[in-house]
Structure formats: C-alpha cells, structure tokens
Amino acid sequence: DVQRTLVLVKPDGVARGLVGEVLRRIEAKGYTLVALDLRTADDALLREHYAEHAGKPFLQPLVDFMSSGPTAAAVVEGHRAIEGFRSLAGATDPTTAAPGTIRGDLARDWGKKVIENIVHGSDSPESAAREIGLWFPGL
Ligand code: CMP
C-alpha cells in the first residue's frame, strides 16, 4: 500500500543542523519526498496538530517548544511509509530509542518538561491524512 506520512524535523533538529541528516536517512531508505517546507508553526496549528494531547501536562511546553523556531515539514511517500518512518525515527524517549534510529543516534534527554526528540512522524493512516491536511492544505 502506497502511503503518505507527515514528517517534521522539530525546532531542536533544525537548530542543530540535522535537517539534511534526517532527509538523507529518508531518501537513503528509498522513500520519496512529495512536499517540503521550512516554517515556524503558530499555536493554532500546533494545538490542532496535537489535539490528541489536549489536557496533558506536557501540551503547553510542547507547543512552546514547537513554536520556538522553524520546523522542516515534509510529506514522505512509499509502500508502508507510515510504519517505515516510525521505525527510522525510533522510540519517543531518546534515552532508550535504539541506536541506529534517528532519535537513538541524534537525540538525548535535556531534563526539560518536554521531550525534544528531533522528529515527528504520523502514527496511522488517519493521523497522516489529518496532519497532511493541516500542514499542507491543498496537497
Ligand atoms: P511527537 O511524536 O511529536 O508526539 C507528541 C510529542 O510530545 C512527542 O513527540 C514528544 O515530543 C512529546 N512528548 C510525548 N510524551 C511526552 C511526555 N511524557 N513528556 C514530555 N513530552 C512528551
């Protein structure tokens, strides 16, 4: 099944100069970039993007972090690309994310209220459709 997934290189990844490294891993895996844009997300977009985390204690720190600087947003396509990118990204917590993954190799815990973990990838076909519609309306 050809799928599209929304990938974000979060502000920590952009600030650390890791956009190229993340895109390199996606392209080396054989997935296709169908959209790519650098922008600073505003609170309204982020609260919609993170609607499932409404009410969680890390939501406000997460929105503050995600609006703190530019994010590289991409739509990535390929057979089973949703599951495939999540495998490339590794587990949410970078401390225990497997070495070899983006988070395992490149991210760490800085002791902040929010987990800064370099990348986001949609977690299901429904999330991917919703998130791509938010970040790339008209695609
Ligand atoms: P992401 O895949 O973008 O989805 C939600 C984000 O919230 C997640 O990556 C982390 O950046 C952050 N996050 C998830 N769980 C926690 C947590 N327990 N504490 C702090 N931040 C979290």
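Residues numbered from 1 in each chain as written. Predicted model: local features only at pLDDT ≥ 70, side-chain atom pairs only at ≥ 80, totals over all residues.

Description of the UniProt feature "active site" (unreviewed entry) in the chain
The condition that has to hold: UniProt positions are given in the numbering used here, feature names are shortened, and annotations may be inferred rather than shown by experiment. Here a strand is any run of E in DSSP of at least two residues, a helix any run of H or I of at least four, and the numbering for each starts at the N terminus. Two residues qualify as being in contact provided that their C-beta atoms, derived from the backbone, are within 7 Å of each other.
According to UniProt, the "active site" (unreviewed entry) feature falls on H120. The residue H120 is located in strand β4 (residues 119-121) in this model. Dropping the residues within four chain positions of it, H120 is found in contact with V7, L8 and K10.

Quick word on the site of the ligand
Stated precisely, the cut-off is as follows: Nearness here is judged by the C-beta atom: place it from the backbone, and if it falls within 6 Å of a molecule or strand, the residue counts as near that partner. In the scheme used here, Gly and all other residues not listed as nonpolar or charged are polar, with Ala, Val, Leu, Ile, Met, Phe, Trp, Tyr, Cys and Pro taken as nonpolar and Asp, Glu, Lys and Arg as charged.
In the vicinity of the ligand, the contacting residues are F58, L62, T92, V114, I115, N117 and H120. Here the shell around the ligand is composed, by residue class, of 4 nonpolar, 3 polar and no charged.

Topic: the UniProt feature "binding site: ATP" (unreviewed entry) in the chain
Heads up, the rule is: Exposure is read from a count of other C-beta atoms within 10 Å of each residue's own; the residue is exposed at 12 or fewer, buried at 20 or more and partly exposed in between. C-beta atoms are placed from the backbone.
In the numbering adopted here, UniProt assigns the feature "binding site: ATP" (unreviewed entry) to K10, F58, R86, T92, R103 and N117. Under the C-beta neighbour-count criterion, R103 is labelled buried, with 24 such atoms within 10 Å. Setting aside residues up to four positions removed in sequence, R103 forms contacts with A89, G90, A91, P94, A97, N117 and I118. Assignment of secondary structure puts N117 in the loop between α6 (102-106) and β4. With sequence-adjacent residues up to four places away left out, N117 is seen in contact with T92, P94, R103 and A107.

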